[in-house]
Amino acid sequence: MKSLLVPVIPGGIMTILIFSLDYFPFKLVEKFILFAAFVIVPLVILLLKYDDKNKQQRMVYVAMKWLQFTAALLTLISVMSSTMWGLEGTAIPGMLSLGWLLFTLLLGIYGLITIVIAKGKAAEIAIGAGLVYFFIGGIWFTLYQYQLDLFNASVATHALSSVHFHFSSAIVPIFIGALGRIMTKKSWYPWIVAIDIIGPILIAIGMIFSKPIEYIGVTLFACNIVVYTTYLLSYLRRNPLHKKATFFLCLSCFAFYTVIVLSILYPLLKKIFSLTILDFIPIYGALHAFGFVLCGLIGWVYMVDSIKKQLTSGNS
């Protein structure tokens, strides 16, 4: 565990402090953005692989590894300046947020390079698209910190859009791409990738311009995750490659199913316990971010390591 996840430990400690200490009076959406900056993105970088023959891709990968924690710290300072230091309404929080924007630009560039050199491989295209979506999340975060109104959307919508692109739009394509790397070729897989790339765009457009479009995007996206989790659980049952990988990936899938069940039961629970949607948002957010996303990324890191060990032992 230490050898695999040690790059994430400093960010993990920062995230625990941010979520647990009253010293950080951040909004929930801000905490989740910082969680993505300190923990989620480093885990994603651990999953990436580059072509040794492609100098540009290798250089961008090295830059991402070295600059990630610094960019995350700038993100934290940006949020602190607007919530703790009385600088909200000035240009300083926005200027500090440019550090994360530029870092996510690196992710986006790496994603575009991955798509270009993929040579039509749907799995690599999915992963590349997910990395590009991180950059869009960075744009929304900068708009939020600058307190800019874009497309007549509220500043709160910018924050929600940033969380959406950091946790759903970026992560689900990466998960589906990771699955595509290990699964046997299926005729339906490219369609899943295509829908997965289009879904986040529909959701983002719908959040700003049209609720029906948002509902269509959410439905397509959720159906895609159902296909992903169902196939993944079936694969894990047939191929127990690594106990840790299986454990975390199963937790990820079950966290998603729990969100679905709670969504279906929401009208009933609301009446029984007199709850509002504001009471459920932290539950949904925690299940998605810490359950589906975090456990899924940890599981895929262990899966990649397990496959590498199997290939090494097979070649020796």
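Just so it is clear, the model here is predicted, and its values are computed rather than measured.

A. Looking closely at unusual backbone geometry. Residues other than glycine seldom take positive phi values, yet lysine 119 does so here, at roughly 55°. Tracing the sequence through the fold places lysine 119 in the loop between α5 (92-117) and α6 (122-145). On the basis of relative accessible area, lysine 119 is assigned to the exposed category, the value being 78%. The phi torsion at glutamine 147 lies on the positive side, around 60°, for a residue other than glycine.

B. Fine view of the side chain of serine 78. Inspection of the secondary structure puts serine 78 in helix α4 (residues 55-83). Within the structure, serine 78 has its side chain in polar contact with the backbone oxygen of proline 93 (distance 2.6 Å). Looking at serine 78, its side chain comes within polar contact range of the side chain of glutamine 145, at 2.8 Å. Discounting chain neighbours no more than four positions away, the residues touching serine 78 are Pro93, Leu96, Ser97, Phe141 and Gln145.

C. Fine view of the pattern of salt bridges. Evaluation of the coordinates by the stated rule reveals one salt bridge. Its salt-bridge partner being arginine 181, residue glutamate 124 comes within 2.9 Å of it at the nearest N-O pair. You can see glutamate 124 sitting in helix α6 and its partner arginine 181 sitting in helix α8 (residues 171-182), a full 57 residues away along the chain. The exposure class of glutamate 124 is buried, given its relative accessible area of 13%. Residue classification places arginine 181 among the partly exposed positions, given a relative accessible area of 29%.

Basis of the calculations
Residues numbered from 1 in each chain as written. Predicted model: local features only at pLDDT ≥ 70, side-chain atom pairs only at ≥ 80, totals over all residues. Heavy atoms only, no water. Helix = DSSP H or I, 4+ residues; strand = E, 2+ residues; numbered from the N terminus. Buried < 20%, exposed > 50% of the residue type's maximum accessible area, 1.4 Å probe, protein only. Polar contact = N/O pair within 3.5 Å; in protein donor to acceptor, adjacent residues only side chain to side chain. Contact = heavy atoms within 4.5 Å. Salt bridge = Lys/Arg side-chain N within 4 Å of Asp/Glu carboxyl O.

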